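# A structural walkthrough
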Amino acid sequence: MNLTSAFLACKHVLPIMLEQGKGAIVNISSIAAVRWLGYPYASYYASKGGLNQFTCGLALQYAARGIRANAIMPGLMDTPLIRTQIAGQYSDVEEMVRQRDALSPTGRMGDAWDVANAALFLASDEAQFVNGVCLPVDGGHHLKIG
């Protein structure tokens, strides 16, 4: 799902972008593409790593035709998904939130608005010279060792 859905979306939107001579693709990857986050999801790590490389390939292949491709790599985010798919690995939801907040250099997880604002920028004309970037949106978590 993580890689195939982006491939299919790009497959169908690229002809339109090529016809209009411009476009901006913003894929949603994960910091897990480049960093172990402590969860046993090897296929997730692999698929997000593949998505990053797919994005970079698109960026170079279509740059001269006015199409940019970038990816956002969210880090630890406070979304409803963590309460259904990750909470079971903790003693309770409150403990999960405390531990995940503590992992961020900012002292808190991000939220969907942090990702949406990054996507808005990357899709905008203000980012017209930003191409092939896999942008961490993680409060600096990707910089930490261990």
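The structure this text deals with has already been given above.
The notes below deal with the structure included here. (Residues numbered from 1 in each chain as written. Predicted model: local features only at pLDDT ≥ 70, side-chain atom pairs only at ≥ 80, totals over all residues. Heavy atoms only, no water.)

### Digging into the side chain of His141
Relative to the assigned elements, His141 resides in the segment after strand 3 (134-137). With residues up to four places along the chain from it excluded, the contact list for His141 reads Arg35, Leu37, Leu76, Leu103 and Pro105. (Helix = DSSP H or I, 4+ residues; strand = E, 2+ residues; numbered from the N terminus. Contact = heavy atoms within 4.5 Å.)

### Re the nonpolar core
In this structure, Leu37, Tyr39, Ile86 and Met96 are the most contacted members of the largest nonpolar core, which totals 14 residues. Leaving out residues up to four positions away in the same chain, Ile86 has contacts with Tyr39, Tyr41, Leu81, Met96 and Arg100. (Core = buried A, V, L, I, M, F, W, Y, C linked by side-chain atoms within 4.5 Å. Buried < 20%, exposed > 50% of the residue type's maximum accessible area, 1.4 Å probe, protein only.)

### Section: the layout of surface pockets
Empty space among the atoms becomes visible once a probe the size of a water molecule is rolled across them. Within this model, the largest pocket holds a volume of roughly 540 Å³. Every residue lining the largest pocket is counted, 22 residues in all, and those nearest its centre are Ser30, Tyr44, Gly75, Leu81 and Ile86. Elements supplying a minimum of two residues to the lining of the largest pocket: helix 2 (42-62) and helix 3 (80-85). Here the second largest pocket is characterised by a volume of approximately 170 Å³. Taken together, Lys22, Gly23, Ala24, Ala63, Gly66, Ile67, Arg68, Ala123, Ser124, Asp125, Gln128 and Asn131 make up the lining of the second largest pocket. Sorting the residues of the lining of the second largest pocket by element identifies strand 1 (23-28) and strand 2 (67-74) as the ones contributing at least two each. Classifying every residue of the lining of the second largest pocket by side-chain character gives four nonpolar, five polar and three charged. (1 Å grid on protein atoms, 1.4 Å probe; cavity = no way out; pocket = protein on both sides within 12 Å on 5 of 7 lines; lining within 4 Å. Points joined across faces, edges and corners; volume = space filled by probe spheres on them. Nonpolar A, V, L, I, M, F, W, Y, C, P; charged D, E, K, R; others polar.)

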